[in-house]
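# Breakdown of the fold
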Amino acid sequence: MAPTEHIAPERGRPGAAELLKAAVARGDRALDEAGAKALLLAAGIAVPRGIRLTSHEVAAATLSGLRPPFAVKALSTAPLHKSDLGAVELNLTEAQEVSAAVRRIAGRLESAGETASGYLVEEMASPGTEIVIGGLIDPQLGPAVMLGAGGIYAEILKDTSFRLCPIIEADARRMVDELRIAPILKGARGNEGADIEAIVAALMALAGPEGIFTHHAGQIAEFDLNPLIARPDGLTAVDARIVLGAPPAPVVPRGRVDFSRLFRPISIAVVGASASGTTAGNRFIRLLKQTGYAGAIYPIHPKAQEIEGVTAYPDLSATPTGADYAYLTVPAGRVADVLEKAEGRVGFAQVMASADPAVQGEWESDLAELARKQMIRIIGPNCMGTHSPRGRFTFMEGALVEPGSVGIACQSGGLGMDILRRGQELGLRYSGLVTIGNSIDIGPADLVENYMEDPETKVIGLYVEDLRNGERFVELVRQNRGRKPVVVLVGGVTSLGRAAAASHTGAMGGSAATWQALSRQSGVIVTDTLDQFLEQLSLCQNLEPRPETASQGVTLFGNGGGASVLGTDAIDRAGLTLARPSTAAMAELNEIVLPPGASLRNPIDLPASVLKGDEGRITARILDVNRREVKPHATIIHLNLPVIMGYRHIENFLPNLLAAVFGEEEQASEHRVLVLRSDRSEEVDAWRRTFRAEAIRRGVPSFDEVAEAVQALANFQGYELFLADSGDTTRRRQIEGGLRT
């Protein structure tokens, strides 16, 4: 190799594909900085002029084409953190200083057990604002790009914004806007700002539809450009780290799944029921009878003639019609034998069992291959069952089979039971719920795709631990464009963090950041707890989005006292605003004569004695003015039931109060949300159940606390903002500006 090689824009330089191919052929774990900057040049991102050295000694003539001051850095195809190792020296002016710096760096690396393949001498970039652009492969969602505040404190400050690849230009601009340093980049306090167009162009060159990372994700495992110096006249990548990896094995899909045989089966086979009547299979057969399933039931048993009063058959091939759906409760060791005898006469087989961890992987692989040969779609293994009101069957005792509009895919059987049990108490009614366990065949994306096209499903809910085909899921929800709300609860989100990552981006990223990126790019609502998940589904089931009024704020109404103060704090923390009554609105409200202690300004805070005024009708008058004159985007009505019930003859005014709270359906021009606060006593909880039942009947979402309602509304408003965008970034900015004002 020549003692020096210039690192500068030149015609005929190899493109990204050639550079990466050569590095992989050499077995490099990373591109050295010179190679990384050559890759950036190929993408049109500016880097400092520099030379590559292979010798410690530097002659003055070697540096004659460069302008001091200089930076010297070690080059390595291992992913080094150069600053931590002392492998960078700055502000050098002469060849002698450069030679001395190279020797010092070599000594530090030797002490750390590392070696350099060469050294890079560069012109130091003009000062500006330091930023970082990086990329990582999220284990669930695929390639993601990050923009953040850069420099040596990047990992400490963590002022970042993430998006999944590919991004569009509007994504790039919003990433800039989301940073805390955005005002500095845009020229705060009269200072000249950075070239925002250059930042946007760099993000697109890396992560846009034709971006380097978009096309070479996998070959590039992680990268960060830190710092990039952002100045009024452009952007320069001062440092670049690109960690290499292997492209992921392609996922071979089995094609789109027709779920009609699962959700409306004409025949169901139950494998594992006993003639003695004690197994999960027996319980399932009893449930089929209890819920009114009208199709054929085929118990499968090698010897029994009859189980639960139904004719039994020795194997799946012996049934009169075959089975649209087979429910397998047998141990793992018997599953393959059962399916081998199906002879293509089963549509879906739901496998409850899970193998010993020592053989789980091999068992699942063999089972998936067997299912492909038998033309059977496998649900599970390691799951609990399917709930289908349209098919009149469920796997859980006590579950209502009343048809609804919420479609669920759940990777936990136990959590699936919680979703059914607790969700129906909130008024959730399901178009279908499938527990999919380890998802060796049918995965979350398959069910999401089905629910998106299912006319009976209005809202999609997903509990996920391992998407399996995450990029397919991302593609589906981005194509959905918010047509149907998708609510996600992610399990294991913290365990997917990358604390030992090889790049700054990897250390600052992780599943939580990338799921939020997906939310911004697709309108998906991401929740943190089961309670939030169910409450969000309830709100999405009952409210139609109104993106055109999203900037009009929220009215908080109730008899809370301190609860109103805490509710106002929650509204502010959630990024919402209180609707501001106009002068005309306040004039009309003030015509309602109220005693001292009542406040008609937002929040509208009334003692319980006022709520019951005119036998509860006064509440209707106030809420009517609020709807007509204040015109909020949403009204949160919180009732402190123990206080209300402290008054005599509540049965005289509660019906009127209920009518006021729910309003006339034809007049509903705002989102109306009910909060029912209780002291948990049986008497108060009985009234709360009465209110909640009426709320369910009226299609009004109800909550136990104001903060829970506020969070659900804030999430829903984020979804509405996504809908408001619809490709019109100007409209979205107007709405967001209204929310902040």
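Rules of the game
Residues numbered from 1 in each chain as written. Predicted model: local features only at pLDDT ≥ 70, side-chain atom pairs only at ≥ 80, totals over all residues. Heavy atoms only, no water. Salt bridge = Lys/Arg side-chain N within 4 Å of Asp/Glu carboxyl O. Helix = DSSP H or I, 4+ residues; strand = E, 2+ residues; numbered from the N terminus. Buried < 20%, exposed > 50% of the residue type's maximum accessible area, 1.4 Å probe, protein only. Pairing = 2+ DSSP bridges. Contact = heavy atoms within 4.5 Å. Axes fitted to C-alpha atoms, helices over the stretch in contact; angles between N-to-C directions. Phe/Tyr/Trp six-rings, centres within 6.5 Å; stacked < 30°, edge-to-face > 60°. Lys NZ or Arg CZ within 6 Å of the ring centre and 35° of its normal. Parallel < 35°, antiparallel > 145°, perpendicular 65-115°, else oblique. Left-handed = near helix turned anticlockwise from the far one by under 90°.

## Examining the pattern of salt bridges
Taken as a whole, this structure holds 47 salt bridges when the rule is applied. In this structure, the salt-bridge partner of E89 is R104, at a minimum N-O distance of 2.6 Å. Taken together, the residues span a long stretch of sequence, with E89 in strand 5 (residues 88–92) and R104 in helix 4 (residues 95–111) at a distance of 15 residues. With relative accessibility at 11%, the residue E89 sits in the buried group. Judged by its relative accessible area of 39%, R104 falls in the partly exposed class.

## Here we look at the sheet that holds strand 30 (residues 702–703)
Strand order in the open sheet formed by five strands is 27-26-28-29-30, and the pairing between neighbours is parallel. Strand pairing shows two members of the sheet lacking a second neighbour, strand 27 (604–605) and strand 30, which therefore form its edges. The sheet contact formed by strand 26 (residues 554–558) and strand 28 (residues 634–640) spans five bridges and is parallel. Directly across from F557, in strand 28, lies its bridge partner I637. Across the face of the sheet, helix 23 (residues 617–630) comes into contact with strand 26, strand 27, strand 28 and strand 29 (671–677) while running at roughly 175 degrees to strand 26.

## What to know about the sheet that holds strand 25 (residues 525–527)
The strand order across the open sheet built from six strands is 20-22-21-23-24-25, with neighbouring strands paired in mixed fashion. Each edge of the open sheet carries a strand with a single partner, namely strand 20 (386–387) and strand 25. Alignment of strand 23 (residues 459–464) against strand 24 (residues 486–490), held across five bridges, turns out to be parallel. Paired with L462 across the two strands is V488, which belongs to strand 24. In this fold helix 15 (residues 444–453) packs onto strand 21 (406–410), strand 22 (430–435), strand 23 and strand 24, with an angle of close to 175 degrees to the strand it touches most, strand 23.

## Quick notes on the packing of aromatic side chains
Under the definition given, this model contains eleven aromatic pairs. On the basis of an interplanar angle of 35 degrees and a centroid distance of 5.5 Å, the ring pair of Y325 and F393 is categorised as tilted. Note that Y325 is positioned in strand 17 (residues 323–328) and F393 in the loop between strand 20 and strand 21, a separation of 68 residues in sequence. Taking relative accessible area as the criterion, F393 reaches 0% and is therefore assigned buried. Cluster of aromatic residues (ring-pair linked, three or more members): F284, Y293, Y325, Y327 and F393. One cation-aromatic arrangement involves R390 over F263; the distance from NZ or CZ to the ring centre is 5.0 Å.

## Remarks on the packing of helix 15 against helix 16 (residues 470–480)
Relative to each other, helix 15 and helix 16 sit at 20 degrees, their axes nearing to 9 Å. Taken together, helix 15 and helix 16 sit at an angle that is classed as roughly parallel. When the axes of helix 15 and helix 16 are compared, the crossing they make is left-handed. Contact with helix 15, carried on its side by A445, V448, E449 and M452, involves R472, F473, L476, V477 and N480 of helix 16 and no other residues of that element.

## Some remarks on unusual backbone geometry
Comment: phi is negative for the bulk of residues other than glycine, and the bulk of peptide bonds are trans. Cis rather than trans, the peptide bond between P68 and P69 has omega equal to 0 degrees. Take P69: it is sitting in the loop between strand 3 (50–53) and strand 4 (70–75). Each neighbour pair has its own omega, and for N226 with P227 the value is 5 degrees, a cis peptide bond. Looking at the element boundaries, P227 is found in strand 10 (residues 220–231). Positive phi outside glycine occurs at R680, with the angle close to 75 degrees. By the element assignment, R680 lies in the loop between strand 29 and helix 26 (682–698).

## As for the environment of A149
Structurally, the position occupied by A149 is in strand 8 (residues 142–149). Taking the C-alpha atoms as reference, A149 lies 5.5 Å from D159; in sequence the two are ten residues apart. With near-sequence residues (within four places) excluded, A149 lies in contact with E130, I131, V132, A154, D159 and I181.

## Let's talk about the environment of K186
Within the secondary structure layout, K186 lies in the loop between helix 7 (182–185) and helix 8 (196–207). We classify K186 as partly exposed; its relative accessible area is 48%. Put simply, K186 and V675 are 489 residues apart on the chain and 42 Å apart in space, counted from C-alpha to C-alpha. Non-local contacts of K186, meaning those with residues more than four positions away in its chain, are made with V176, D177, G193 and I196.

## Let's talk about the environment of L39
Of note, L39 is situated in helix 2 (residues 33–42). Taking relative accessible area as the criterion, L39 reaches 1% and is therefore assigned buried. Residues L39 and I212, 173 residues apart in the sequence, show an inter-C-alpha distance of 8.7 Å. Non-local contacts of L39, meaning those with residues more than four positions away in its chain, are made with A16, L19, L31, I212, I220 and I242.

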